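Structural overview for review
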Amino acid sequence: MNRIVLWEFADHFTRMQPEPDILFFDGVCNLCNGLVKFIIRHDRKGTVMFSSLQSEAASKFLSRYSFNGKIPDSVIFLSGNRIYLKSSAILQLLKVTGGLLRLFYIFRIVPRFIRDFVYDFVARNRYRVFGKRNECMIPGPDVRKRFLS
């Protein structure tokens, strides 16, 4: 009986380990790809992983969370077993990236409905303003290990 209890505890403990920080982004959006390149340059510790929303990895990871059957068409940031969407995702991402970018986290004081209104406006117009790719970005060999496929 003790073995079962210990095994169940060990299984519970491993499930409690935090997921890596993962940014899920629209792989065909030029603005989103620019964000990924920006984070790669500024995440000196290299802790943030990346996955396009169109990938199998995104389907696998995000299926664990309830989105009422459909993955949102927005930036999604998984950090510390928590999901952040829209403006909250961007602010948490900048906080985790560190350095002076953490200062932008102060914008959390702005009510989320206002931040998300601005986010939604940009998101609705992102293809028109920034353009769209025919395919997802292919990372270079130096950062390929940070991309989930």
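In this text, all values refer to a predicted model and were calculated from it rather than measured experimentally.

1. Topic: the confidence of the model for the chain
Confidence in the prediction for the chain averages 83 pLDDT; 86% of positions are at 70 or higher. The least confident element of the chain is helix α1 (residues 2-16), whose mean pLDDT is 44; the most confident is helix α4 (residues 86-97), at 95. Ignoring residues within four places in sequence, the model shows residues 1-14, a span with pLDDT below 50, making 0 contacts including any to other chains.

2. As for a positive patch on the surface
A contiguous patch of positive charge on the surface is contributed by Lys45, Arg82, Lys95, Arg102 and Arg108. Assignment of secondary structure puts lysine 95 in helix α4. On the basis of relative accessibility, which here comes to 35%, the residue lysine 95 falls in the partly exposed class.

3. Focus on the packing of aromatic side chains
Taken as a whole, this structure holds 3 aromatic pairs when the rule is applied. Here the aromatic rings of phenylalanine 24 and phenylalanine 61 are separated by 6.4 Å at their centres, their planes lie at 50°, and the arrangement is tilted. Of the two residues, phenylalanine 24 is situated in strand β1 (residues 22-25) and phenylalanine 61 in helix α3 (residues 56-62); the sequence distance between them amounts to 37 residues. Considered together, phenylalanine 24 and phenylalanine 61 belong to a single accessibility category, that of buried residues. For the cation-ring pair, lysine 60 lies above phenylalanine 61, with the distance from its terminal atom to the ring centre recorded as 5.9 Å. Just above the ring of tyrosine 127 sits the side chain of arginine 126; from NZ or CZ to the centre is 4.6 Å.

4. Regarding helix α5 (residues 112-130)
Arginine 124 marks the point of greatest bend in α5, at about 45°. Among all positions in α5, only Arg115, Asp116, Tyr119, Ala123, Asn125 and Arg126 are buried. Against the buried residues of α5 lie α2 (30-42) and α4. Of the residues one or two after α5, glycine 131 is the one with positive phi, at around 90°.

Conventions and cut-offs
Residues numbered from 1 in each chain as written. Predicted model: local features only at pLDDT ≥ 70, side-chain atom pairs only at ≥ 80, totals over all residues. Heavy atoms only, no water. pLDDT = per-residue confidence, 0-100. Helix = DSSP H or I, 4+ residues; strand = E, 2+ residues; numbered from the N terminus. Contact = heavy atoms within 4.5 Å. Patch = residues over 30% accessible without salt bridge, like charges linked within 9 Å, V, L, I, M, F, W, Y side chains within 5 Å. Areas by Shrake-Rupley, 256 points an atom, 1.4 Å probe, with all protein chains shown as cover. Salt bridge = Lys/Arg side-chain N within 4 Å of Asp/Glu carboxyl O. Lys, Arg positive; Asp, Glu negative; His and termini not counted. Charge placed at Lys NZ, Arg CZ, Asp CG, Glu CD. Buried < 20%, exposed > 50% of the residue type's maximum accessible area, 1.4 Å probe, protein only. Phe/Tyr/Trp six-rings, centres within 6.5 Å; stacked < 30°, edge-to-face > 60°. Lys NZ or Arg CZ within 6 Å of the ring centre and 35° of its normal. Bend = angle between axes of the 7 residues up to and from the residue.

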